[in-house]
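# Reading the structure
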Amino acid sequence: MLFLKLLFSIVITLFFIFTLNKSHTTGSPQKTIFNTDGSKTIVESTERFIPPMGKLLSPSHGFWQNAEGAIPSFNNIIKNKFLSSSVKVQYDNRLVPHIFGDNISDVIFAQGYVTASLRLWQMELQTHAAAGRLTEILGTTDKLKKILIEKDKLTRRIGIPLGARNAINEWSKRPEEFKVLDAYTAGVNAYINTLSYSELPLLYKLQDYYPEKWTNLKSALMMKSMGRTLTGRNHDFQLTALLKQLGLEKFNSLYGDYFEEQSPIILEPVKINNPVVINEEEPIGLYLGKLDFDSLSINYSPKGVGSNNWAVSGSKTASGNPILCNDPHLKLNLPSIWFEVQLYTPEFNSYGASLPGAPGVISGFNENIAWGVTNVGHDVRDWYAIQWKDKEKQFYWFDSTFMQSEIVVEQIKVRGSQTILDTILMTHIGPIAHSSNNQDFALRWTLHDPSEEPLTFLKLMKGKNYADYKDAIKHFACPAQNIVFAAKNGDIALWTQGKLPIRKKMQGKFVQQGNSSKELWQGYIPQEHIPHEYNPNKKFVASANQHSINPNNYPYEFYGYFEEYRGRYLNRRLAEMENITVKDMMDLQFDSYSQKAEDFMSLLKKYLKKGDLHKNELEIWHILKDWDYKFTGNQIEPTVFEIWFDSLRTLIYDEIFALSENDNFLKKENIKLPEQFNLLNLMKRDIENPIFDIVNTKKIERIDDIITLAFKKTCSKFKYDISNILPWKKYRSTVVQHLSKVPAFSFDSIDTDGHRSALNALDRRPGPSWKMVVELGNNINAYGIYPGGQSENPGSFYYSNMIDKWAKGEHYKLLFMKDSQKNSDQIICSQDFIH
């Protein structure tokens, strides 16, 4: 009996050890029930993934080991044979690593190590996403598998991994210049090699997988992922369908490419000698076949993803020194998009925001120069309809002959299931990335081209003057960026840098026939012809994602998606300002004044039929009419204005929404409305346009009718009661969301000001992801902040320690050290790297 009890105890113990150390899926997958009447009932999935609770709850190995104090615990001494000399890393009181070494290779090795030690899960998740490998690590339930398989297929079909592989091949041609990539990879892997289960970042434990080795390809994928985000606002299919329905004349009247009020980046005329001349006589061949909405599987970057940057000459500042500012606007995530770092060698001393997974500093400064980036709106991806020889799709018609396609079979590994195969057809134009009604479309995208973007930032870190800046930026291809520059010697400059296609008129806006070289790009705008300015008469350079240049003053056709408000206000304010201080520039970054509100409130005041409003509507109007046009969090006026504006657009463009009745592709959620500047142009210069009439009413409405009706609809949403109007911060409800979308790790309803049309360009998700102000002089005076913290560990003080200060529009004084031995009361711990 004792033996049986002992045996039973052993079996039960082994059972619990086995059970609690394995992950499980509970619940049932989605299923379809066929009813007796022939109908179907969909029973939603109740699946839940449960991590191995035994390991997770273990005091010695589980999540308890991820708790951190105010001063995190680091390995004080790291030995690695890759190093040729010692490296010192000093961590300040915001956990920013200040890395000191004798050469760039050793310093970048340490950058890779310390970045991985604080952001490894983020780095791996984002590069798996860019590689189309999410199902491999996150496909824990049938429901997730279905969603992630489609995401992975799309990522591979549009060619993100293709672009990364092409970049790696290009980098291999210059091994000496790109050896820093090897150093970064070695540093990341040196950290990974130290990890036991207890030391794994928390999300690996929760999702029950282990990190794999880092490679240079992953760094390339990280850069291409950012390129996808910043060049993804592309609406060729929607605009093609609209052109078919509206006709060219009406389309052009509603969907113009430029507007009179715009204040472009380059304000002064640009002299271009011998521009490239192309044959405009032959019209482009548009694809006007049927499109199927159900097959549309193309993701778009949200509006609001952009940035501000500017530099002011010393002649406009109180100190006489130039000041450079940058605040990239991206989706606000945790872990944060950026990672602050200082890199020092005897050759250079650089500080700024790095991208976890890539070496160097993206937005930053050294002792001589500063630089920052904003996105260029030029469209750099086009779609072409491919004409196959037969159903086998081995050959396609191009330039009066048949060309052979290439078949690429992608293997998509599925966690806990069999590998899925996906066949991608390649043409010389690009991959077949989309299909609709048995028609295949090839994607031409600059992101696929071989490129050398890391060299730009590695050279900028060492730069001393304008000549070095020009040499560095020429390597940057995609995503095209407005790269701003300021130097200690007083120079300021800005280049719209990237590979910008040379196109015919209308080319790139619509889907084209892919059967002739005449339909393809005619090369790229030469480097010296790219819009740029150097020490302009206005004494400042600035960009906020607006048009690079007035197209009437530029010999090359360009098309894209450009911001219509921030650039106008920024140019206006910088022109007005004198005796500028660093504090003035920080305040300008947090400025919530809306040019959009100024534009449309003037029209609302002009055309609103106040005599048609009843008492409660007039009460709301009297509050709104005295608004200062600032999107301040506690105000209700911004909420009223935004709801009115959305109602106005819906009423005015009812004819466009009505097109869905005649075209299966143009569903309401898929329609691309004209840009807001097109609406402004109509309301200021074309008020007799029939677009103002509501189609489904007998009355012929005019602009004053529409504006008044939109205002009445807005008031009705509040039940005509001011007390029902949410303050702006509650209505917009900005979120800083964890990449896993776990609510407990995210921050909801951030209490702050701002709007996408203001310099403080804050929306529900996109917003200022990094703010930097640098005054150059004998001593660098630099400030910066981002919404998050240096650590990805939700149990760390440094996970979100900067959010509150960021929300208030404040900055930290950046600790720019000149000597690793210099004592600072801001240094809290250190590491030594030795051979």
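Residue numbers restart at each chain and count upward from 1, following the sequence in its written direction. In keeping with the model being predicted, local features are shown solely for residues with a pLDDT of at least 70 and side-chain atom pairs are shown and tallied solely at 80 or more, while totals for entire chains, interfaces and linings include all residues. Water and hydrogen atoms were dropped before computing side-chain values, which therefore reflect all heavy atoms in the structure.

### Comments concerning the overall build of the protein chain
Here is the rule: A run of H or I in DSSP becomes a helix once it reaches four residues, and a run of E becomes a strand once it reaches two; helices and strands are each numbered from the N terminus. We call a residue buried when its accessible area falls under 20% of the maximum for its residue type, exposed when it is over 50%, and partly exposed in between, using a 1.4 Å probe and counting protein chains only. What makes two residues a contact is simply this: any of their non-hydrogen atoms within 4.5 Å. All accessible areas in this document rest on Shrake-Rupley with a 1.4 Å probe, and a residue is counted as covered only by the protein chains that are shown.
From N to C terminus, the protein chain includes 23 helices and 33 strands. Counting every position in the protein chain, which comprises 835 residues, the buried fraction comes to 59%. Considering only contacts in the protein chain between residues 6 or more positions apart, those separated by 24 or more positions represent 73%. When the accessible surface of the protein chain is totalled, it reaches about 34,100 Å², and 51% of it is carbon and sulfur.

### A closer look at unusual backbone geometry
Residue Leu334 is joined to Pro335 through a cis peptide bond whose omega torsion reads -10 degrees. For the bond from Cys478 to Pro479, the omega torsion is 5 degrees, close enough to zero to count as cis. Within the secondary structure, Pro479 is located in the loop between α13 (466-473) and β22 (481-487). One non-glycine residue, Lys393, adopts positive backbone phi at about 60 degrees. Mapped onto the secondary structure, Lys393 falls in the loop between β15 (381-385) and β16 (395-398). On the accessibility criterion, Lys393 (28% relative accessible area) is partly exposed. Here Ser400, not a glycine, exhibits a phi torsion of approximately 65 degrees, which is positive. For Ser400, the location among the structural elements is in the loop between β16 and β17 (401-404). The class of Ser400 is exposed, set by a relative accessible area of 62%.

### Observations regarding the sheet that holds strand β10 (residues 333-334)
Filter applied, for reference: Two strands form a pair only when DSSP identifies at least two bridges running between them.
With respect to topology, 3 strands assemble into an open sheet ordered β10-β27-β28, the strand pairing being mixed. Each edge of the open sheet carries a strand with a single partner, namely β10 and β28 (747-750). The sheet contact formed by β10 and strand β27 (residues 734-738) spans 2 bridges and is parallel. Paired with Asn333 across the two strands is Gln737, which belongs to β27.

### Some words on helix α10 (residues 236-246)
For α10, the tally of buried residues reaches 9 of 11 residues, placing the bulk of the element in the interior. Of all the positions in α10, only Asp236, Phe237, Gln238, Leu239, Thr240, Ala241, Leu242, Leu243 and Leu246 are classed as buried. Of the surrounding secondary structure, the elements contacted by the buried residues of α10 are α11 (248-254), β15, β20 (432-436), β21 (439-445) and α19 (654-658).

### Overview of the pairing of β27
Along β27, 4 of the 5 residues are buried, which leaves the element largely enclosed by surrounding structure. Taken together, the 2 bridges between β27 and β28 define a ladder with antiparallel strand orientation. What sits directly across from Val736, in β28, is Phe747.

### Let's talk about the side chain of Ser543
Let me state the cut-off plainly: N or O atoms closer than or at 3.5 Å make up a polar contact, with two conditions inside protein: a donor-capable atom paired with an acceptor-capable one, and, for residues adjacent in sequence, both atoms drawn from side chains.
One can find Ser543 in strand β26 (residues 540-543). Under the relative-accessibility criterion, Ser543 is labelled buried at 0%. Side-chain polar atoms of Ser543 contact the side chain of Asn309, separated by 2.5 Å. Here Thr374 takes part through its side chain, which lies 2.7 Å from a polar atom of the side chain of Ser543. Leave out the neighbours within four places in its chain, and Ser543 touches Ile265, Ser307, Asn308, Asn309, Thr374, Asn482, Leu494 and Leu570.

### Some details on a nonpolar patch on the surface
To keep it simple, the criterion reads: Candidates for patches are residues over 30% relative accessible area with no salt bridge; among them, like charges are joined within 9 Å and nonpolar side chains (Val, Leu, Ile, Met, Phe, Trp, Tyr) within 5 Å. Any Lys or Arg side-chain nitrogen located within 4 Å of an Asp or Glu carboxyl oxygen qualifies as a salt bridge.
A surface patch of nonpolar side chains, amounting to about 300 Å² of accessible area, comprises Ile407, Val409 and Leu421. Along the polypeptide, Leu421 turns up in strand β19 (residues 420-426). Given the relative accessible area of 56%, Leu421 is considered exposed.

### Considering the pattern of salt bridges
Enumeration according to the criterion identifies 45 salt bridges in this entry. Linked through salt bridges whose partners overlap, the residues forming this network are Arg133, Glu136, Glu212 and Lys218.

### Overview of the nonpolar core
Note the cut-off: Buried Ala, Val, Leu, Ile, Met, Phe, Trp, Tyr and Cys residues that are joined via side-chain atoms within 4.5 Å together make up what is termed a nonpolar core.
One finds Phe365, Leu574, Met585, Phe600, Trp644, Phe711 and Phe833 to be the most contacted residues of the largest nonpolar core, which totals 228 residues. Ranked by residue count, the leading element in this core is helix α3 (residues 104-131), at 15 residues. Once residues lying within four places of it in the same chain are set aside, the contact partners of Trp644 are Phe600, Leu604, Ile707, Ala710, Phe711 and Thr714. Counting 11 residues, the second-largest nonpolar core is a separate cluster that includes Trp388, Phe398, Leu425 and Ile429.

### Details of the sheet that holds strand β24 (residues 512-513)
Each strand in a sheet pairs with another by means of backbone hydrogen bonds, the pair being arranged parallel or else antiparallel. Pairing is mixed across the open sheet formed by 4 strands, whose spatial order is β20-β21-β15-β24. Strands with a single pairing partner mark the edges of an open sheet, and in this sheet they are β20 and β24. For β15 and β21, the ladder comprises 5 bridges, and the chain directions are antiparallel. When the bridges of β21 are listed, Trp383 appears paired with Leu443.

### Considering the packing of helix α16 (residues 595-607) against helix α21 (residues 703-717)
To be explicit about the condition: Orientation is described by lines fitted to C-alpha atoms, with helices fitted over the stretch in contact, and by angles between N-to-C directions that extend from 0 to 180 degrees. When an angle is under 35 degrees it counts as roughly parallel; over 145 it counts as roughly antiparallel; between 65 and 115 it counts as roughly perpendicular; any other value is oblique. For this scheme, ten residues count as nonpolar: Ala, Val, Leu, Ile, Met, Phe, Trp, Tyr, Cys and Pro. Four count as charged, namely Asp, Glu, Lys and Arg, and the remainder, Gly too, count as polar.
Interhelical geometry of α16 versus α21 gives an angle of 105 degrees and a closest axis separation of 9 Å. The pairing of α16 with α21 is recorded here as roughly perpendicular in orientation. Between α16, through Leu603, Leu604 and Tyr607, and α21, the contact on the second element is made entirely by Ile703, Asp704, Ile707 and Thr708. Grouping the amino acids of the contact of α16 with α21 by side-chain chemistry returns 5 nonpolar, 1 polar and 1 charged.

### Describing the packing of helix α18 (residues 637-652) against helix α20 (residues 676-685)
Running from N to C, α18 and α20 point in directions that differ by 75 degrees, and their axes come no closer than 12 Å. With respect to each other, α18 and α20 are oriented roughly perpendicular. In contact with Phe645, Leu648, Arg649 and Ile652 of α18, α20 contributes Gln676, Leu679 and Met683. A class-by-class count of the residues in the contact of α18 with α20 yields 5 nonpolar, 1 polar and 1 charged.

### Quick notes on the packing of aromatic side chains
Cut-off, in case you're wondering: Ring pairs shown here join Phe, Tyr and Trp side chains whose ring centres sit within 6.5 Å, with only the six-membered ring taken for Trp; geometry is labelled stacked below 30 degrees between planes, edge-to-face above 60, and tilted in between. For a lysine, the NZ atom is tested; for an arginine, the CZ atom; a charge sits over a ring if that atom is within 6 Å of the ring centre and within 35 degrees of the ring normal.
Taken as a whole, this structure holds 42 aromatic pairs when the rule is applied. Ring plane angle 10 degrees and centroid distance 4.6 Å describe the contact between Phe259 and Phe677, whose orientation is recorded as stacked. Remark: Phe677 occurs in helix α20 and Phe259 occurs in the loop between α11 and β8 (306-312); sequence separation between them is 418 residues. For the pair shown, Phe259 and Phe677 are each scored as buried. Between Phe600 and Phe645, the ring centres sit 4.8 Å apart and the planes meet at 70 degrees, which makes this aromatic pair edge-to-face. Note that Phe600 is positioned in helix α16 and Phe645 in helix α18, a separation of 45 residues in sequence. Side by side, Phe600 and Phe645 carry an identical accessibility label, which is buried. Grouped by ring-pair contacts, the aromatic residues Tyr569, Tyr593, Phe600, Trp627, Tyr629, Phe631, Phe641, Trp644, Phe645, Trp728 and Tyr731 constitute a single cluster. In this structure, Lys205 packs its charged tip against the face of Tyr197, placed 5.5 Å from the ring centre.

### Here's the deal with the environment of Leu651
Assignment of secondary structure puts Leu651 in helix α18. For Leu651, a relative accessible area of 11% translates into the label buried. When near neighbours in sequence (up to four residues on either side) are disregarded, Leu651 contacts Ile694, Ile706, Leu709, Ala710 and Lys713.

### What about the side chain of His378?
On the secondary structure map, His378 appears in the loop between β14 (369-375) and β15. Excluding residues within four positions of it along the chain, His378 makes contact with Thr496, Leu500, Ser548, Phe558, Tyr559, Gly560 and Phe562.

### Topic: the confidence of the model for the protein chain
Put simply, the rule is: One confidence number per residue, pLDDT, is output by the predictor and ranges from 0 to 100.
Predicted confidence across the protein chain gives a mean pLDDT of 91, with 89% of residues reaching 70 or more. This stretch, residues 58-64, has a pLDDT under 50; its non-local contacts, to residues over four places away or in other chains, come to 17 contacts.

### Overview of helix α17 (residues 615-624)
Threshold: Starting at the helix axis, one direction is taken to each C-beta atom, and the arc is that of these directions.
For α17, the full list of buried residues reads Glu617, Ile620, Trp621 and Leu624. Seen from one end, α17 has its buried residues packed into an arc of 100 degrees, which puts them on one side. In this fold, the buried residues of α17 make contact with α16, α18 and α21.

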